[in-house]
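Below are the chains, spelled out letter by letter.
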Amino acid sequence: MEHLRQFFSDRYVDFPDADWDLIAQRFVRHEFPKKHTILRAGQVEEFVTFIEQGIVRYYIPKDYRQITFEITFEGDFFGAYDSFLSRQPSLYSVETITPVVAWRLSYDAVQQLYRETAYGNLVGRLACENLFLEKLKRELSFLTDTPEQRYLRLMTEHPQMIRLIPQQFIAAYIGVTPQALSRIRRRIF
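Let me begin by describing the structure that accompanies this report. One numbering rule holds for all chains: residues counted from 1, following each sequence as written. A pLDDT threshold of at least 70 governs which residues receive local features in this predicted model, and a stricter bar of 80 or more applies before side-chain atom pairs are shown or counted, although totals over entire chains, interfaces and linings include all residues. Heavy atoms throughout the structure, all of them, feed into the side-chain values; hydrogens and water do not.

Structural notes on the overall build of the chain
For the purposes of this entry, the term helix denotes a DSSP run of H or I that reaches at least four residues, the term strand denotes a run of E that reaches at least two, and both are numbered from the N terminus. Tallying secondary structure elements over the chain gives nine helices and eight strands in all. A radius of gyration in this sense is built from C-alpha atoms; the matching globule rule multiplies 2.2 Å by the number of residues raised to 0.38. Its C-alpha atoms give the chain a radius of gyration of 17 Å, within 12% of the compact-globule value 16 Å for 189 residues. Counting only C-alpha atoms, the chain reaches 55 × 35 × 30 Å along its principal axes. Each accessible area value is a Shrake-Rupley result obtained with a 1.4 Å probe; residue values ignore everything except the protein chains displayed when judging cover. When the accessible surface of the chain is totalled, it reaches about 10600 Å², and 53% of it is carbon and sulfur. Just so you know, the count uses Lys and Arg for positive and Asp and Glu for negative, and it drops His and the chain ends. For this purpose, a charge sits on NZ of Lys, CZ of Arg, CG of Asp or CD of Glu. Of note, the chain has its 24 positive side-chain charges centred 10 Å away from the centre of its 24 negative side-chain charges.

What follows is the structure in structure tokens.
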């Protein structure tokens with residue numbers, strides 16, 4: 001739970017102890033095994049989840065394959081946030097790549113924290129703004145960077161984690177085929 005408090009303190013705000021106690025008591029710890037589907041396409045997202053340890057991926061089930069379009073690493077939140085907010089079924093699935101230790105906050109708990117604490121509202125707004133900025137950064141990267149630049153950024157930002165991710169997921173994440181990723185890796189190394 002201290003990882004979570006540190007995350008909020010580093011990125012958003014240092015909570016007064018009384019507010020933190022209200023927030024912390026609503027988070028529930030979960031452990032998920034490797035390759036566990038946390039959310040299936042067609043389900044409504046009921047949680048925002050903080051990864052204490054591990055990696056998850058978001059993918060679109062398409063015919064006979066899966067299109068990975070996002071990867072979230074430890075020390076950050078994940079979930080089908082669009083489904084969480086709209087209360088509509090998700091169009092994509094969320095699956096663990098590695099075993100995951102996570103802290104989850106239900107939709108109802110989030111709404112209650114918004115009503116009961118000023119800091120809950122503040123963090124909710126700041127988290128939404130952060131999600132928007134991260135999504136924009138990723139979209140702009142696809143418009144302005146080469147796949148090799150996206151791969152190098154992933155290696156720079158998550159060097160200890162990249163070796164844990166199957167190559168086909170990395171390839172999809174940076175927008176190339178596994179064969180193209182192999183060529184990129186040969187040029188780099």
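Some words on the pattern of salt bridges
Only one rule defines a salt bridge in this text: a Lys or Arg side-chain nitrogen within 4 Å of an Asp or Glu carboxyl oxygen. Tallied over the entire structure, the rule returns eleven salt bridges. A salt bridge links Arg153 to Asp145; the shortest N-O distance between them is 2.7 Å.

Thoughts on the nonpolar core
One broad trend across soluble globular proteins is that nonpolar side chains are buried collectively. By convention a nonpolar core is built from buried Ala, Val, Leu, Ile, Met, Phe, Trp, Tyr and Cys residues, the set being connected through side-chain atoms within 4.5 Å. Burial classes: relative accessible area under 20% of the type maximum marks a residue as buried, over 50% as exposed, and values in between as partly exposed (1.4 Å probe, protein chains only). Membership of the largest hydrophobic core comes to 20 residues, with the highest contact counts inside it found for Leu4, Phe8, Tyr12, Phe15, Trp20 and Leu105. Secondary structure elements with two or more residues in this core: helix H1 (2–11), helix H2 (17–24), strand S3 (47–53), strand S8 (100–106), helix H4 (107–116) and helix H5 (118–144). Counting 18 residues, the second largest nonpolar core, distinct from the first, contains Ile162, Ile165, Val176 and Ala180.

Overview of the packing of aromatic side chains
Side-chain rings of Phe, Tyr and Trp, where Trp is taken by its six-membered ring, are said to pair if the distance between their centres is within 6.5 Å; with planes under 30 degrees apart they count as stacked, over 60 as edge-to-face, and otherwise as tilted. For the coordinates displayed, the defined rule picks out 13 aromatic pairs. On the basis of an interplanar angle of 70 degrees and a centroid distance of 5.1 Å, the ring pair of Phe84 and Tyr107 is categorised as edge-to-face. Of this pair, Phe84 sits in helix H3 (residues 81–86) while Tyr107 sits in helix H4, placing them 23 residues apart in sequence. Relative accessible area serves as the criterion here: at 2%, Phe84 is assigned to the buried category. An aromatic cluster is present here, built from Phe7, Phe8, Phe15, Trp20, Phe50 and Phe77 joined pairwise through their rings. Definition used: whenever NZ (Lys) or CZ (Arg) falls within 6 Å of the ring centre and also within 35 degrees of the ring normal, the charge is taken to sit over that ring. A cation over an aromatic ring shows up here: Arg87 above the ring of Phe84, its NZ or CZ 5.9 Å from the ring centre.

Take it as geometry only, folks, not as evidence of what the structure does.
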